[in-house]
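Structure at a glance
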Amino acid sequence: MAYENIRLEQDGAVATLFIDRPKALNALNSKTLQELEAALNSIGTDVRVLIVTGGGEKAFVAGADIAEMAALSEAQAQEFGALGHRVMAKLEELPIPTIAAVNGFALGGGCELALACDLIYASEKAKLGLPEVGLGVIPGFGGTQRLTRAVGRARAKELIFTGERIDAAKAKELGLVLEVLPAEGLLPHCREVAAKILKNGPLAIAKAKKVIEAGADQDLRVANELERKTFGELFGSADQREGMKAFLEKRPATFTGK
Ligand code: CO8
């Protein structure tokens, strides 16, 4: 499918989604969010890792589109927020690992897009932040919740109340970003991580992601029960039989995701 503001490329089992509207620093307007929703819905079972990054040199995503938002009525803002939340939830709930390659500004909705990914790597040029209060609003695509879960309440409050932009090194110190890479090394690093993931059982990875996400907001006993049940269920899978057989036969496993 042809998109105007995004690009979805696939190389084997790894897809890369570019938010590609560099003239507006990849700001998320309704059209871009709708295209993102369509692209995420179109991802087939042959894709086993998704990398999300920004087109152009400067930005991952510089936020929701302020020019579009400025004139929204309250009802329209509710709709716009719901669309953004749908996209972030869809991304978060994909049954495959998602990697944000933060190649520049990741502000407001851009930071929230990265936060909806499983892993965040950043280039040395990256700047992250949630500056919404400076515009008289609050983060509206999940930032108040996902940032808080990622870095804790006090740090999230500090970043949200000050609206301060932090560099990649600071973001790593806070645990928001996993690694900081030179700009030219960012996508290759994400692809290396993807290659490591691809060696493992896809069904096991999907289940691990689900258990981590579903368990995170639960009481530890309930969450551990979810793990116990899911662990047992995997013994009904072809991947479990193949993974363990391959180990015993001292050969690499050939997983089918079933
Ligand atoms: N929206 C629209 N256009 C943008 C945005 C944006 N978020 N960011 C940059 N642009 C545009 C600029 O207007 C400019 O356009 P033009 O060339 O036509 O004037 C172009 O991109 C280049 O930007 P700059 O000239 O400003 O580039 P600089 O290098 O000088 O500055 C910055 C880069 C620091 C990133 C600066 O552009 C900036 O501060 N951008 C806005 C950052 C921001 O505040 N983001 C948060 C937006 S609010 C948000 O994301 C809320 C999410 C939830 C919404 C929920 C709704 C219900």
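Residues numbered from 1 in each chain as written. Predicted model: local features only at pLDDT ≥ 70, side-chain atom pairs only at ≥ 80, totals over all residues. Heavy atoms only, no water.

Looking at an unreviewed UniProt entry, one finds the protein chain named Enoyl-CoA hydratase/isomerase family protein, with Pyxidicoccus fallax as its source organism. Within the UniProt record for the protein chain, the comment given under Sequence similarities (unreviewed entry) is "Belongs to the enoyl-CoA hydratase/isomerase family." (UniProt positions renumbered as here; feature names shortened; annotations may be inferred.)

1. Here we look at the overall build of the protein chain
Across its full length, the protein chain carries 11 helices and 10 strands. Radius of gyration (C-alpha) of the protein chain: 19 Å, near the 18 Å computed for a compact globule of 258 residues. In terms of overall dimensions, the protein chain has C-alpha extents of about 60 × 40 × 35 Å along its principal axes. Restricting the contact set of the protein chain to residue pairs at least 6 apart, pairs at least 24 apart contribute 67%. Side-chain charges in the protein chain split into 32 positive and 34 negative, and the spacing between the mean points of these groups amounts to 4 Å. (Helix = DSSP H or I, 4+ residues; strand = E, 2+ residues; numbered from the N terminus. Rg over C-alpha atoms; globule rule 2.2 N^0.38 Å. Contact = heavy atoms within 4.5 Å. Lys, Arg positive; Asp, Glu negative; His and termini not counted. Charge placed at Lys NZ, Arg CZ, Asp CG, Glu CD.)

2. A short note on the pairing of strand β5 (residues 98–102)
A regular strand places its side chains on the two faces of the sheet in alternate fashion. Where burial is concerned, most of β5 is hidden: 5 out of the 5 residues are buried. With 4 bridges joining them, strand β3 (residues 49–54) and β5 adopt parallel strand pairing. Across the sheet, V52 pairs through a bridge with A100, a residue of β5. Inspection of the sheet shows β5 paired to strand β7 (residues 119–123) by 4 bridges, in the parallel sense. What sits directly across from A101, in β7, is Y121. (Buried < 20%, exposed > 50% of the residue type's maximum accessible area, 1.4 Å probe, protein only. Pairing = 2+ DSSP bridges.)

3. Observations regarding the nonpolar core
In this structure, L50, F60, L91, V102, L128 and L147 are the most contacted members of the largest nonpolar core, which totals 50 residues. For this core, the element with the highest residue contribution is helix α3 (residues 74–93), accounting for 5 residues. Those residues in contact with L147 that sit more than four places away from it in its chain are L115, L130, G142, G152, A156, L159, I160 and L176. Counting 13 residues, the second largest nonpolar core, distinct from the first, contains I51, Y121, L181 and I205. (Core = buried A, V, L, I, M, F, W, Y, C linked by side-chain atoms within 4.5 Å.)

4. Digging into the packing of helix α5 (residues 143–151) against helix α6 (residues 153–162)
One can describe the packing of α5 onto α6 by two numbers: an axis separation of 7 Å at closest approach and a directional angle of 135 degrees. Comparing their axes, α6 and α5 come out oblique. Judged by the sense of rotation from one axis to the other, the crossing of α5 with α6 is right-handed. Note on element contacts: α6 touches α5 through R153, R155, A156, L159 and I160, opposite G143, T144, L147, T148 and V151. In the contact of α5 with α6, the residues fall into 5 nonpolar, 3 polar and 2 charged. (Axes fitted to C-alpha atoms, helices over the stretch in contact; angles between N-to-C directions. Parallel < 35°, antiparallel > 145°, perpendicular 65-115°, else oblique. Left-handed = near helix turned anticlockwise from the far one by under 90°. Nonpolar A, V, L, I, M, F, W, Y, C, P; charged D, E, K, R; others polar.)

5. Section: the sheet that holds strand β2 (residues 14–19)
What the 6 strands build is an open sheet, ordered β1-β2-β3-β5-β7-β10; its pairing is mixed. Edge positions in the sheet fall to β1 (6–11) and β10 (179–181), since each has one partner strand and no second. If you compare each strand with its neighbour and ignore which way they point, the axes differ by 20 degrees on average. Bridge count between β7 and β10: 3 bridges; the pairing is parallel. By the bridge assignment for β10, S123 is matched with L181.

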